[in-house]
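Chain by chain, the residues:
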Amino acid sequence: MSARDAVLRVEHLEAGYGETTVLRDVTLEVPAQGVLAILGPNGAGKTTLLRAISGLLPARRGRVGLDGKDVSRRSASERVRRGLCHVPDPRGIFPSLTVRDNLVLQAPRGSVDGSIEKAVGMFPRLGERLDQLAGTLSGGEQQMLAVSRAYVQSPKVVLLDEVSMGLAPNIVDEIFAFLERLREEGVALVVVEQFVHRALAIADAVAVIGRGRVVAEGPAAGFTENAIFEAYAGVAPQEATA
Ligand SMILES: Nc1ncnc2c1ncn2[C@@H]1O[C@H](COP(=O)(O)OP(=O)(O)O)[C@@H](O)[C@H]1O
Ligand SMILES: [Mg+2]
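Residues numbered from 1 in each chain as written. Chains lettered and ligands numbered in written order. Predicted model: local features only at pLDDT ≥ 70, side-chain atom pairs only at ≥ 80, totals over all residues.

**Overview of the nonpolar core**
Judged by nonpolar contacts, the single largest core of 73 residues is most densely connected at Leu 36, Val 158 and Leu 189. Examining the composition of this core, we find that 7 residues originate from one element, helix H6 (residues 139–152), more than from any other. Composition of this core by domain shows at least three residues from each of domain 1 (3–83 + 155–233) and domain 2 (95–153). Excluding residues that lie within four positions of it along the chain, Val 158 makes contacts with Cys 85, Val 87, Ala 150, Leu 182, Val 187 and Leu 189. (Core = buried A, V, L, I, M, F, W, Y, C linked by C-beta atoms within 7 Å. Buried ≥ 20, exposed ≤ 12 C-beta atoms within 10 Å, placed from the backbone. Helix = DSSP H or I, 4+ residues; strand = E, 2+ residues; numbered from the N terminus. Domains from an automatic or database assignment. Contact = placed C-beta atoms within 7 Å.)

**Topic: the sheet that holds strand S2 (residues 20–31)**
Read from one edge to the other, the open sheet built from 4 strands follows the order S2-S1-S4-S5, with strand pairing classed as antiparallel. Both outer strands of the open sheet, S2 and strand S5 (69–70), are each paired with one neighbouring strand and no more. Of the strands in this sheet, strand S1 (6–17), S2 and strand S4 (61–66) are in contact with helix H1 (residues 46–54), which crosses S2 at around 70°. (Pairing = 2+ DSSP bridges. Axes fitted to C-alpha atoms, helices over the stretch in contact; angles between N-to-C directions.)

**Brief notes about the domain arrangement of the protein chain**
Domain annotation of the protein chain identifies domain 1 (3–83 + 155–233) and domain 2 (95–153). Across the boundary between the two partners, domain 1 contributes 11 residues, which contact 7 residues of domain 2. Counting residues per element, the side of domain 1 that touches domain 2 draws most heavily on helix H7 (residues 169–184), which supplies 4 residues. Broken down by class, the residue content of the side of domain 1 that touches domain 2 amounts to 10 nonpolar, 1 polar and no charged. (Nonpolar A, V, L, I, M, F, W, Y, C, P; charged D, E, K, R; others polar.)

**With respect to the packing of helix H3 (residues 99–106) against H6**
In a packed pair of helices, the relevant descriptors are the angle between the two axes and the axis-to-axis distance. Interaxial distance between H3 and H6 falls to 9 Å at its minimum, and their mutual angle equals 35°. Here H3 and H6 pass one another in a crossing that is right-handed. Along its contact with H3, which presents Val 99, Asn 102, Leu 103 and Gln 106, the element H6 presents Leu 145, Ser 148, Arg 149 and Val 152. Looking at side-chain class alone, the contact of H3 with H6 contains 4 nonpolar, 3 polar and 1 charged residues. (Left-handed = near helix turned anticlockwise from the far one by under 90°.)

**What to know about unusual backbone geometry**
Look at the link from Asp 89 to Pro 90: it is a cis peptide, with omega at -5°. Backbone geometry places Gln 33, a non-glycine residue, at a positive phi of 65°. Within the secondary structure, Gln 33 is located in the loop between S2 and strand S3 (35–39).

**Observations concerning the sheet that holds strand S7 (residues 157–161)**
Here 6 strands make up an open sheet; going across it, the order is S6-S7-S8-S3-S9-S10 and the pairing mixed. Two strands bound the open sheet, and with one partner strand each, they are strand S6 (84–87) and strand S10 (213–219). Across the sheet, the mean angle separating the axes of adjacent strands is 15° when strand polarity is ignored. Inspection of the sheet shows S3 paired to strand S8 (residues 188–192) by 4 bridges, in the parallel sense. Its bridge partner lying in S8, Leu 36 is registered against Val 190. Strand contacts of H1: S3, S6, S7, S8 and strand S9 (205–210), with the helix running at about 150° to S7, the strand carrying the most contacts.

If you want it as structure tokens, here you go:
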């Protein structure tokens, strides 16, 4: 794939916390409208990678390219304006605000009503709970609210950090149906996922991260679940540093 086709390019990225370097020389690309699954054992650096891409964590070296433009020095909110949406882990919703106010905060200026309609159209259960405090929703409903961000912001690329974590299988089905819908609408996805089979089912390409580096990558069709776990085995989790 040529550089031109990539909606997101990460080149030689290095990032960490304090004196600790977590990501080292990470290079990845996500084609427009494609789905990249990022897999790897606990502590490998997947969350750190998404935070560095979205700008919540500064990159120490390397660059992040969005739609052909270097956004490495741009703020997280500027990256949002340019079409990058991050559904973080934890969920990044405001528990003490209502569902409606959470959606309003995510919506671009001038399109608040349309955004709420869009989210409710996808997840009718949110529509029944617009005036309820987000913190009082079930875990599944909170995750629906969290992923609605990816809808109301009309992004080009969405980073999803373990959105199925802790949810009942039928809710995970619903969330993945939503991800399929996003990709059909032409949105590129970066999916960090604990359920390898679910990730492989939706992904075009896979990158396995171990100890802050890309240790295996390629088309999803070339990976079996076993091959992924073998790659994990080669990169036992890092010592916890926090
Ligand atoms: N806020 C933080 N401060 C210091 N170290 C951290 C922080 N967050 C994560 N780490 C460390 O960075 C490494 C990667 O963590 P993380 O990106 O959360 O991995 P993953 O999402 O793959 O489980 C781990 O060793 C973890 O202990
Ligand atoms: Mg994580």
